[in-house]
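Given next are the chains, with one letter for each unit.
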Amino acid sequence: MQLIFLFETNSTSKSDYKYVRSYLTKIGMIRKFKFSPLYLNGKGNYNKFEKKINYLIKSYSGESKVFMFIDVDSTSLNYDQIKLNKEITDYCSEKNYELIWFKRTIEEVFWGY
């Protein structure tokens with residue numbers, strides 16, 4: 001099975017994927033799946049990767065599942081952030097993608113804040 005991961009980070013730092021890959025390696029899952037990361041370069045670009053996702057799905061002979069990893073960020077009194085988070089939630093629901101929210105950032109999850 002191929003797991004297509006969409007990360008909010010950019011392709012230069014790949015920071016979010018590094019955290020997730022490290023965890024998956026630790027629990028022994030890294031050998032069980034094909035991982036295909038894509039980097040959004042900001043969560044506002046969540047809906048600009050359909051062609052790449054479809055290409056990855058078509059070029060893999062087995063089953064594929066898409067996961068989007070997004071930071072909630074601070075939504076306190078920030079209507080635009082709340083609106084964007086809802087748009088991402090609706091988009092993932094419509095596309096049947098798994099959505100994984102990090103409260104507020106991925107660092108808080110993996111560093112134990």
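Now for a look at the structure at hand. Because the structure is predicted, anything quoted here is derived from the model rather than measured.

Let us now look at helix α3 (residues 79–95). The terminal C-alpha atoms of α3 lie 24 Å apart, and with 17 residues this matches the ideal 24 Å at 1.5 Å per residue to within 8%. Looking only at α3, the buried set comprises Gln81, Leu84, Asn85, Ile88, Tyr91 and Cys92. The buried residues of α3 occupy an angular sector of 125° when projected down its axis, which confines them to one face. Exposed positions of α3 whose direction lies more than 90 degrees from the buried face are Tyr79, Lys86, Ser93 and Glu94. Where α3 is buried, its residues contact α2 (50–58), β3 (64–71) and β4 (98–102). Capping the start of α3 is the job of one residue whose side-chain oxygen sits 3.3 Å from the backbone nitrogen of Asp80: Asn78. Backbone geometry just after α3 places Asn96 at a positive phi near 65°.

End to end, helix α1 (residues 15–26) covers 17 Å across 12 residues, agreeing with the expected 16 Å (1.5 Å per residue, within 8%). Considered for burial, the residues of α1 that qualify are Asp16, Tyr17, Tyr19, Val20 and Leu24. End-on view of α1: buried residues confined to an arc of 160°, all on one side of the axis. Of the exposed residues in α1, those oriented more than 90 degrees away from the buried face are Lys18 and Lys26. Looking one or two places after α1, you find Gly28, whose phi comes out positive at around 85°.

Reading the values: rules and limits
Residues numbered from 1 in each chain as written. Predicted model: local features only at pLDDT ≥ 70, side-chain atom pairs only at ≥ 80, totals over all residues. Heavy atoms only, no water. Helix = DSSP H or I, 4+ residues; strand = E, 2+ residues; numbered from the N terminus. Expected span 1.5 Å × (residues − 1). Buried < 20%, exposed > 50% of the residue type's maximum accessible area, 1.4 Å probe, protein only. Arc of directions from axis to C-beta. Contact = heavy atoms within 4.5 Å. Polar contact = N/O pair within 3.5 Å; in protein donor to acceptor, adjacent residues only side chain to side chain.

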